[in-house]
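Structure assessment
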Amino acid sequence: MKNMENRDLTRSNNLKLVLQQLFNHDEISRAEVARVLGMSRSTISSLFNELDEQGYVNHLGQGDSSEVGGRKPEMVQLNSRYGFIASFNITHAHLYAGFFYLNGEKILYQRKNILEHHNILDLLATMSGYLDEAIANDDTIHGLLGIGISMHAVIDNGEVIDSPFVKMDGISIKDYFTARYAVPVIVENEANLAAIFERDFDVDAPTSGNMVVLSIHQGLGTGIIANGQLFTGFHGMAGELGRAQIYPRDGHRLHQVSRIISEDILIAKLASAGSLDDIDYHNVAQICRQPTAAVEKVLNNFADNMGLLLNDTLMIYGPQKVYISCNLLELIPLLQKKIKQAFGSYNQNVSVEFVVGARYISMLGAAAIVTREALGLQDFKLHFRWPLELSKNEDE
């Protein structure tokens with residue numbers, strides 16, 4: 001009996017290894033999978049047949065023969081139409097919805113303006129409407145495979161403990177969608193999912209698996225990847241760096257970090273320094289291209305405080321790399337340069353990188369974590385691909 005159980009476990013793991021190869025390659029041959037995994041062709045053939053019966057394999061026909069000639073290999077790929085993933089990001093002003101095939105290909109992307117302090121029932125109804133529409137237009141074998149939801153909130157085991165924008169009224173988002181759609185539902189903090197995105201999508205992610213994402217929006221959140229795994233701490237509180245208190249460079253009073261470093265604070269100070277009446281991302285960014293002395297002072301103060309925060313982040317978490325995710329900072333290259341210079345004064349041997357496409361990454365991180373769940377490959381190294389179509393959407 002024990003030998004049979006061991007054989008079953010071995011075969012199950014081997015199936016996952018083959019599925020991993022299918023996911024990580026646009027196309028591949030059975031012979032190449034056998035070579036990479038060090039398995040016999042007969043074993044690989046048996047494993048492929050099982051995955052084929054389950055609908056995971058798409059046959060592409062014959063590929064090119066090798067340089068020495070011989071039989072042309074049959075090329076296969078992951079069947080993207082096996083099923084689809086739904087992903088949402090709830091921010092203070094918008095609801096982002098993305099639907100993706102199993103290989104990460106975008107099906108549909110939508111964005112809706114929502115009021116601050118959202119009504120939870122209205123929010124759930126809007127999200128369900130998007131889901132029902134996607135299901136009605138579904139062209140996959142197994143349909144909806146899972147739902148990922150990103151929120152600006154403290155979240156513990158999928159349950160929202162504290163949300164600054166959504167009054168939960170005792171309603172469990174996870175239970176609501178699980179009961180309605182009978183698929184895995186993952187609810188997670190947006191900074192944590194931004195960190196998942198960087199781990200899974202960035203080809204230059206640290207090989208040590210230790211990184212931090214500073215997510216700067218109305219406040220400041222921190223996503224932590226430790227030894228390749230998401231670290232959330234006790235009751236999901238590990239990333240709440242914005243609630244910590246520091247002495248900023250421009251004063252002597254103790255301040256909460258989010259009252260010094262946030263998009264709202266930066267926008268307000270730049271708008272005041274630049275005498276802006278019409279305030280939006282692009283107008284604020286415009287006055288930073290050729291800054292006046294007053295605007296320059298705001299930029300310098302913000303950069304100094306960011307340099308201090310980055311140094312403190314390094315001391316607290318010990319990352320190999322720090323990512324900064326902020327919609328506004330993407331539009332202000334000068335401020336990015338100043339922040340790197342400010343952090344450089346601490347002489348730390350850690351790289352800092354500014355995220356491109358910050359408004360999408362939490363939604364894509366949610367899609368990645370649900371895709372892993374759907375494939376049963378939670379702890380496997382997977383190569384996710386950025387859906388380039390999203391870069392054509394202008395949200396701000």
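Residues numbered from 1 in each chain as written. Predicted model: local features only at pLDDT ≥ 70, side-chain atom pairs only at ≥ 80, totals over all residues. Heavy atoms only, no water.

In terms of regular secondary structure, the protein is built from 12 helices and 19 strands. Against the globule reference of 21 Å for 396 residues, the protein gives a C-alpha radius of gyration of 23 Å, in line with a compact fold. Along the first, second and third principal axes, the C-alpha set of the protein runs to 70 × 50 × 45 Å. Relative to its full complement of 396 residues, the protein shows a buried share of 51%. (Helix = DSSP H or I, 4+ residues; strand = E, 2+ residues; numbered from the N terminus. Rg over C-alpha atoms; globule rule 2.2 N^0.38 Å. Buried < 20%, exposed > 50% of the residue type's maximum accessible area, 1.4 Å probe, protein only.)

So, on to the sheet that holds strand E6 (residues 106-113). As summarised here, the arrangement of the five strands in space is E6-E5-E4-E8-E12, forming an open sheet in which the pairing is mixed. Each edge of the open sheet carries a strand with a single partner, namely E6 and strand E12 (185-189). Ignoring strand direction, the axes of neighbouring strands in this sheet form an average angle of 15°. One ladder, built from five bridges, connects strand E8 (residues 144-151) with E12; its direction is parallel. Counted as the bridge partner of Ser-150 is Glu-188 from E12. Against the sheet, helix H6 (residues 190-201) engages strand E4 (84-90), E8 and E12, with an angle of about 105° to E12. In the packing of helix H12 (residues 358-375) onto the sheet, the strands contacted are E4, strand E5 (94-101), E6, E8 and E12, and the crossing angle to E4 comes to about 145°. (Pairing = 2+ DSSP bridges. Axes fitted to C-alpha atoms, helices over the stretch in contact; angles between N-to-C directions. Contact = heavy atoms within 4.5 Å.)

Turning our eyes to something else, we now look at the pairing of E8. Regular strands place their side chains on alternate faces of the sheet. Most of E8 is tucked away, with eight of its eight residues classed as buried. In the sheet, E4 pairs with E8 via seven bridges, with the strands oriented parallel. Along E8, the bridge assignment pairs Phe-88 with Ile-149.

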